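# Structural features, examined
Given next are the chains, with one letter for each unit.
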Amino acid sequence: DSLGKLAPPEPERKVDESEAPSGGPETLLELLMKLTPFVKDREAKPCKEIMKEITGYSWPEEYASEVNALDKLLSRYRFKEAQELLTRIMGRLDA
């Protein structure tokens, strides 16, 4: 019976935040600098792709809420507000 030899399907694994690689301020600054021109030009698709990369990391608590807020603003196409938040975060990181 060939059906009995099939391996059972593996359950899908969801990546929770504890499994996400932790990112430091230097990494965040680098990714935000990559994001900046697309936010300025209001290009939704590249913003979404870079934000996906950014949210794939586990950030220190001091930046996590701002990263989430930035993601929310960009997903709602609120580029002007996102630009202001981006500038604030980058200012803190660069200090």
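So, here is what we can say about the structure in this document.

### Structural notes on the overall build of the protein
Broken down by element type, the protein carries four helices and zero strands. The linear arrangement of helices and strands in the protein, starting from the amino end, is α-α-α-α. Per-residue burial over the protein gives 33% buried out of 95 residues. For the protein, the accessible surface area stands at approximately 7100 Å², while carbon and sulfur atoms represent 51% of it.

### A word on the nonpolar core
In globular proteins that are soluble, nonpolar side chains generally tend to be buried together. Core analysis: the biggest nonpolar cluster contains 23 residues, and Leu28, Leu32, Leu35, Val39, Ile54, Leu70 and Leu74 have the highest contact counts within it. Of all elements in the fold, only α1 (25-40), α2 (44-55), α3 (61-75) and α4 (79-94) reach the threshold of two or more residues within this core. It is α4 that provides the largest number of residues to this core, a total of seven residues.

### Some remarks on the side chain of Gln83
Turning to its location among the elements, Gln83 is positioned in helix α4. In this view, Gln83 contacts Thr36, Val39 and Lys40; residues no more than four positions away in its chain are not counted.

### Remarks on the packing of α3 against α4
Interaxial distance between α3 and α4 falls to 9 Å at its minimum, and their mutual angle equals 160°. The angle between α3 and α4 places the two elements in the roughly antiparallel class. The element α3 and its partner α4 pack so that their crossing is left-handed. Touching Glu62, Tyr63, Glu66, Ala69, Leu70, Leu73 and Leu74 of α3 are Phe79, Glu81, Ala82, Leu85, Leu86, Ile89, Arg92 and Leu93, all from α4.

Thresholds applied
- Residues numbered from 1 in each chain as written.
- Predicted model: local features only at pLDDT ≥ 70, side-chain atom pairs only at ≥ 80, totals over all residues.
- Heavy atoms only, no water.
- Helix = DSSP H or I, 4+ residues; strand = E, 2+ residues; numbered from the N terminus.
- Buried < 20%, exposed > 50% of the residue type's maximum accessible area, 1.4 Å probe, protein only.
- Areas by Shrake-Rupley, 256 points an atom, 1.4 Å probe, with all protein chains shown as cover.
- Core = buried A, V, L, I, M, F, W, Y, C linked by side-chain atoms within 4.5 Å.
- Contact = heavy atoms within 4.5 Å.
- Axes fitted to C-alpha atoms, helices over the stretch in contact; angles between N-to-C directions.
- Parallel < 35°, antiparallel > 145°, perpendicular 65-115°, else oblique.
- Left-handed = near helix turned anticlockwise from the far one by under 90°.

Geometric values such as these leave the question of function open.
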